[in-house]
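A look at the structure
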Amino acid sequence: MMTGCTLIAPLQACDIVRAADLMIGRYGRDAGARAARRVHHLERQGQRTAAVIWVRIGEAIETARRIGETPCAPDVMRDGLSLQTRTTHRQ
C-alpha cells in the first residue's frame, strides 16, 4: 500500500498552468475551491507530494482569477483541446 505520491519526473510550470486551465474550463468559479478540497483530501491521505502539486494548481487558478483571464499556454485552448486537435477536427 502506497502512503505517498511518487513522481516519475518533476512537473514543469507549464504543466501546472495547463492543469489550472483545465480546472477553470471544467469548474469555472468553483475551480479554486475544488483544488483546495483536493489538497485537504490528499493531506488526509498522507500524500504530501501530490498535495503540494495541487497547492500550486490552486495558486495558478487564483492568479488567473485575479488577472481576469485563463492562464492558458499557447498550445492549449480554454476547453483543454490542443491547437493540433482543434485543427484536426475542423478538417
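1. Points about helix H1 (residues 13–27)
- With 15 residues, H1 extends 21 Å between its outermost C-alpha atoms, agreeing within 8% with the 21 Å of an ideal straight helix rising 1.5 Å per residue.
- Restricting attention to buried positions, one finds in H1 the residues Ile16, Ala20, Asp21, Met23 and Ile24. Seen from one end, H1 has its buried residues packed into an arc of 160 degrees, which puts them on one side.
- Buried-residue contacts for H1 involve helix H2 (31–44) and helix H3 (48–67).
- Gly28 lies just past H1 and shows a positive phi near 55 degrees.

2. Observations regarding H2
- Here H2 is 14 residues long and its end C-alpha atoms lie 20 Å apart, about the 20 Å a rise of 1.5 Å per residue gives.
- Residues of H2 that are buried include every one of Ala31, Ala35, Val39 and Leu42, and no others. Each buried residue of H2 lies within a common arc of 85 degrees when the element is viewed along its axis, so the set occupies one face.
- Summarising the contacts, the buried residues of H2 are in contact with H1 and H3.
- Remark: Gly46 follows H2 within two positions and exhibits a positive phi of approximately 80 degrees.

3. Notes on the nonpolar core
- One finds Ile16, Ala20, Met23, Ile24, Ala31, Ala35, Ile53, Ile57, Ala60, Ile61 and Ala64 forming the largest nonpolar core, which totals 11 residues.
- Elements with a minimum of two residues in this core: H1, H2 and H3.
- For this core, the element with the highest residue contribution is H3, accounting for 5 residues.
- What Ile61 contacts, discounting residues up to four positions off in sequence, is Ala20, Met23, Ile24, Ala31, Gly32 and Ala35.

4. Here's the deal with the packing of H1 against H3
- Viewed as axis vectors pointing N to C, H1 and H3 meet at an angle of 65 degrees, and their least axial separation amounts to 8 Å. In this structure, H1 meets H3 at a crossing whose hand is right-handed. Residues Ala13, Ile16, Ala19, Ala20, Met23 and Ile24 of H1 form the contact with H3, whose own contacting residues are Ile53, Trp54, Arg56, Ile57, Ala60, Ile61 and Ala64.
- Class assignment of the residues belonging to the contact of H1 with H3 gives a composition of 12 nonpolar, no polar and 1 charged.

5. Let's talk about the environment of Asp21
- Inspection of the secondary structure assignment puts Asp21 in helix H1.
- With 43 residues separating them along the chain, Asp21 and Ala64 place their C-alpha atoms 8.7 Å apart.

6. Description of the confidence of the model for the protein
- Mean pLDDT over the protein: 75, with 64% of residues reaching 70 or higher.
- Scored below 50 in pLDDT, residues 73–91 shows 23 contacts in the model against residues more than four places distant or in partner chains.

The rules behind the values
Residues numbered from 1 in each chain as written. Predicted model: local features only at pLDDT ≥ 70, side-chain atom pairs only at ≥ 80, totals over all residues. Heavy atoms only, no water. Helix = DSSP H or I, 4+ residues; strand = E, 2+ residues; numbered from the N terminus. Expected span 1.5 Å × (residues − 1). Buried < 20%, exposed > 50% of the residue type's maximum accessible area, 1.4 Å probe, protein only. Arc of directions from axis to C-beta. Contact = heavy atoms within 4.5 Å. Core = buried A, V, L, I, M, F, W, Y, C linked by side-chain atoms within 4.5 Å. Axes fitted to C-alpha atoms, helices over the stretch in contact; angles between N-to-C directions. Left-handed = near helix turned anticlockwise from the far one by under 90°. Nonpolar A, V, L, I, M, F, W, Y, C, P; charged D, E, K, R; others polar. pLDDT = per-residue confidence, 0-100.

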